[in-house]
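# Structural features, examined
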Amino acid sequence: MLKRTMTGHASPILTTLLDTDAYKLHMQQAVYHRYYDVPVTAEFRCRGDELLGFYADEIREQIETLQALALSDDEYHYLSGLPFFQTDYVNWLRQFRLDPSQVNVRNDHGRLTIQIHGPWREVILWEVPLLALISEVVHRHRTPQMGVEQAVSHLQRKLVDFREQVGDLDMSRFQLMDFGTRRRYSKAVQEAIVSTLKTEFPWLVGTSNYDLARRLQLNPVGTQAHEWFQAHQQISPVLANSQRAALQSWLDEYDDQLGIALTDCITMDAFLRDFGPGFAHRYQGLRHDSGDPVEWGEKAIAHYQRLDIDPKSKTLVFSDNLNLDKALALYRHFGQRANVVFGIGTRLTCDIPGVTPLNIVIKLVSCNGKPVAKLSDSPGKTICQDKAFVRALRKAFDLPLVKRAS
């Protein structure tokens, strides 16, 4: 039985295993087929200075509730009907249960520390629900007076402003996706925001949340995250080949489906050196998640042009710290030069006046008992505990040894 003292909030925040980002299930299937017994460790990071450790007890209570989550019959049949899932994986997922013993939560002098350890096929599903429940726990304590009404009202004001900015602009190629599960204000707010967009925003093309995609009849969107590339740093026998190994393994799993590649695990420049004509032709496009988006987009288009590939035949997904205004500005710049898509997260699902969103992540820190790193195009997003490994990674990918890991 759950402890109900201290918090009074023991009712589960998450009620379905599908309340997660699509790329988690997509990566999990590939891990299930290819790296079944690979052990990993992931850790929580708060990029701000918030002292979240005081919520540790309530977060532990919520984690305990997650072990009851399982696919319903309807959810099982929904996943089985999608073209990129294989029967053996979906049958395994039907029996899968999250194991709270894999998660260690501590209040370290006011700072929240969380470490997750276990087989990659299982650890992979912890990140999104953990971040979502942490965000909801914190916000309902800090701003209990806020919720769906305020979030939707603010969204509608933004949509009015957006339409005014659009004016006579040709919007036939504008596409918006909801990427807001991890740092949403609450589950109810995300559903209300996505439902409102579906009704009032004709450019919504999908959501990364599988539960909302199923229930609201939207496209589930997402391919792979940084952890896919990070883990290959210790799966690939040669570190310098790890990024190409990750790209190839994904194609081996999905062939011509789910072909949007994340570019910034080891910087865009290092990625493009590995993204030769074979990969560039087979992948449908690229995703931006750090660094200057205009500079990134120009590099991507120039790379395709050097390979004699028409950029208009490829998709550029922008997903770093976007809001509607930034998305529209990027569309004006790139909209007629490539197929552009905009994934907006926090600025949709935790955008309420008077509410400060949390800047929180959970990232892989080891694989096969050895360190892994993310060397993003934004210095503040670099993650690795082992400076020697960061130096080795930079040397392997011919990067200057200037940025320091945080």
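Naming follows an unreviewed UniProt entry, where the protein chain appears as Nicotinate phosphoribosyltransferase of Candidatus Pantoea floridensis. Here is the UniProt Catalytic activity (unreviewed entry) comment for the protein chain, exactly as written: "5-phospho-alpha-D-ribose 1-diphosphate + nicotinate + ATP + H2O = nicotinate beta-D-ribonucleotide + ADP + phosphate + diphosphate". UniProt lists a comment for the protein chain under the heading Sequence similarities (unreviewed entry), and it reads "Belongs to the NAPRTase family."

### Quick word on the packing of helix H3 (residues 73–80) against helix H4 (residues 87–95)
Two elements in contact, H3 and H4, have axes whose closest approach is 10 Å; the angle formed by their N-to-C orientations is 160°. Viewed along their axes, H3 and H4 adopt a mutual orientation that is roughly antiparallel. By crossing handedness, the relation of H3 to H4 is classed as right-handed. Here Asp-73, Tyr-76, Leu-79 and Ser-80 of H3 lie close against H4, whose contacting residues are Val-90, Asn-91, Leu-93 and Arg-94. Looking at the contact of H3 with H4, its residues break down into four nonpolar, two polar and two charged.

### Some details on the sheet that holds strand S3 (residues 111–119)
Strand order in this open sheet of five strands is S2-S3-S1-S10-S11, and the pairing throughout is antiparallel. Single-partner strands in this sheet number two, and they are strand S2 (103–108) and strand S11 (370–371). Pairing geometry for strand S10 (residues 360–367) and S11, over two bridges, is antiparallel. Counterpart to Ser-366 in the pairing with S11 is Pro-371. Contacts between helix H10 (residues 226–235) and the sheet are confined to S10 and S11, with S10 contributing the most and set at about 15° to the helix.

### So, the domain arrangement of the protein chain
Under the domain assignment, the protein chain is made up of domain 1 (22–144 + 357–398) and domain 2 (148–350). For domain 1 and domain 2, the distance between their C-alpha centres works out to 20 Å. Each partner contributes to the interface: domain 1 provides 56 residues, whereas domain 2 provides 54 residues. Regarding the contact of domain 1 and domain 2, the summed buried area is about 4,800 Å², with carbon and sulfur atoms giving 56% of it. Sorting the residues of domain 1 by area buried against domain 2 places Tyr-23, Asp-377 and Phe-397 first, and these three jointly supply 15% of that buried surface. At the boundary of domain 1 and domain 2, one finds three salt bridges. Lys-24 is paired through a salt bridge with Glu-227; the nearest N and O atoms lie 2.3 Å apart. For the pair domain 1 and domain 2, the interface holds 27 residue pairs in polar contact (both at pLDDT 80 or more). Those elements that provide at least two residues to the side of domain 1 that touches domain 2 are helix H1 (22–34), H3, helix H6 (127–142), S10, S11 and helix H17 (387–396). Ranked by residue count, the leading element in the side of domain 1 that touches domain 2 is H1, at eleven residues.

So, how was this worked out
- Residues numbered from 1 in each chain as written.
- Predicted model: local features only at pLDDT ≥ 70, side-chain atom pairs only at ≥ 80, totals over all residues.
- Heavy atoms only, no water.
- UniProt positions renumbered as here; feature names shortened; annotations may be inferred.
- Axes fitted to C-alpha atoms, helices over the stretch in contact; angles between N-to-C directions.
- Helix = DSSP H or I, 4+ residues; strand = E, 2+ residues; numbered from the N terminus.
- Parallel < 35°, antiparallel > 145°, perpendicular 65-115°, else oblique.
- Left-handed = near helix turned anticlockwise from the far one by under 90°.
- Contact = heavy atoms within 4.5 Å.
- Nonpolar A, V, L, I, M, F, W, Y, C, P; charged D, E, K, R; others polar.
- Pairing = 2+ DSSP bridges.
- Domains from an automatic or database assignment.
- Buried area = accessible area lost by both parts, 1.4 Å probe.
- Salt bridge = Lys/Arg side-chain N within 4 Å of Asp/Glu carboxyl O.
- Polar contact = N/O pair within 3.5 Å; in protein donor to acceptor, adjacent residues only side chain to side chain.

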